Amino acid sequence: MGGGQSKPAADPLIAEWRKIRWGQKEEDLQFVKDYQPHNKEVKQLRVLLHGPIGAGKSSFINSVDSALRGRITDRAKTDAANSSSKTFTTKRRIYKINKGGPGTFYPFVFTDTMGIEGAEQHGICVEDIKLDMKGHIKDGYKFNPYCEISEDDQYYNKSPTLEDKAHVLVCVIDGSSSSILDDESKRKMRRVRTAARDLGIPQLVVLTKIDEACKEVQSDVKNVYKSKYIKEMVDKISKDLGFPLNCIFPVKNYASEIDTNHDIDSLILCALKQIIDSGENFVNQL
Ligand SMILES: Nc1nc2c(ncn2[C@@H]2O[C@H](COP(=O)(O)OP(=O)(O)OP(=O)(O)O)[C@@H](O)[C@H]2O)c(=O)[nH]1
Ligand SMILES: [Mg+2]
């Protein structure tokens with residue numbers, strides 16, 4: 001628990017710094033179920049996830065899937081032994097989320113990527129994330145930490161359509177250890193952020209492992225917006241990476257649970273709703 005060590009001795013709970021209506025899960029669920037992109041050129045929003053190794057990118061996809069289905073799923077493979085050194089996801093993969101009946105899917109998809117690592121030639125190349133945002137990388141591509149995809153690679157898409165491009169960029173950060181994000185990782189993440197800004201792609205942060213970061217949140221996830229430690233973490237990410245505070249969404253991913261939980265779902269759906277809203281705005285401006 002990286003966060004536990006730097007936690008101040010003072011009262012760990014402060015006045016609630018963001019209001020969330022814990023009882024509104026059903027409304028958020030309905031919003032997601034009813035959502036259809038207005039722009040008829042776009043059948044589905046593409047949400048591109050990136051972030052440090054082991055931050056919980058694959059787990060977030062599973063958590064969204066679980067919250068929407070009402071039972072725990074683990075389609076995107078995760079790695080419990082993933083402390084820091086080696087990324088578990090190496091292939092680019094798109095995840096559709098089943099809406100109930102066979103062959104029916106929600107009109108949004110997640111692209112899972114390899115983790116970012118501080119050291120050069122470790123983790124995903126920043127250039128590959130940029131190319132992926134522009135729609136140039138096809139599903140199944142095995143990321144190479146040493147060099148970006150070449151234009152003659154069979155997984156290179158030479159003429160991406162609007163559907164191939166990313167419509168929202170989500171940066172996933174481990175809330176229990178982001179205080180120790182090294183400078184090189186921060187630099188890489190800022191490069192991704194600048195590239196997305198230049199393309200006009202909306203960006204938000206999903207801050208994971210809030211349960212590991214704060215004991216009070218571990219005992220009751222509803223303490224998230226009263227946790228002094230989480231507030232400090234959100235402020236720090238905003239300062240270090242340049243995200244506005246209202247673009248940072250703390251979540252607890254499903255990790256050890258065998259059943260879904262109302263409050264955990266509420267945080268996941270709150271982040272998902274914002275992801276959909278941002279993507280919808282983006283595709284309508286095109
Ligand atoms: N307690 C807790 N554990 C989490 C949370 N999110 C992820 N984990 C665990 O952290 C580990 C790494 O998660 P992954 O989803 O594999 O992380 P990733 O970002 O996909 O990692 P790479 O593919 O290696 O870049 C797994 O053991 C997860 O179960 C969370 O919110 N709380
Ligand atoms: Mg992964």
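Calculation criteria
- Residues numbered from 1 in each chain as written.
- Chains lettered and ligands numbered in written order.
- Predicted model: local features only at pLDDT ≥ 70, side-chain atom pairs only at ≥ 80, totals over all residues.
- Heavy atoms only, no water.
- Helix = DSSP H or I, 4+ residues; strand = E, 2+ residues; numbered from the N terminus.
- Rg over C-alpha atoms; globule rule 2.2 N^0.38 Å.
- Buried < 20%, exposed > 50% of the residue type's maximum accessible area, 1.4 Å probe, protein only.
- Lys, Arg positive; Asp, Glu negative; His and termini not counted.
- Charge placed at Lys NZ, Arg CZ, Asp CG, Glu CD.
- Pairing = 2+ DSSP bridges.

## Some details on the overall build of the chain
(1) Moving on: Within the chain, the secondary structure is distributed over nine helices and six strands.
(2) Moving on: In terms of overall size, the chain behaves like a compact globule, its C-alpha atoms giving a radius of gyration of 18 Å where 286 residues would be expected to give roughly 19 Å.
(3) Moving on: For the chain, the spread of C-alpha atoms along the three principal axes comes to 55 × 45 × 35 Å.
(4) Moving on: Taken across its 286 residues, the chain has 52% of its residues classed as buried.
(5) Moving on: With 43 positive and 41 negative side-chain charges, the chain shows a separation of 1 Å between the mean positions of the two kinds.

## Concerning the pairing of strand β3 (residues 105–112)
(1) Moving on: Summarising burial for β3: seven of the eight residues are buried, a large majority.
(2) Moving on: Inspection of the sheet shows strand β1 (residues 45–50) paired to β3 by four bridges, in the parallel sense. Note on β3: the bridge partner recorded for Leu 45 is Phe 108.
(3) Moving on: For strand β2 (residues 93–98) and β3, the ladder comprises five bridges, and the chain directions are antiparallel. Paired with Arg 93 across the strands is Asp 112, a residue of β3.
(4) Moving on: Taking the residues between adjacent antiparallel strands as the criterion, β2 and β3 are bridged by six residues, where Gly 100 takes a positive phi near 140°.

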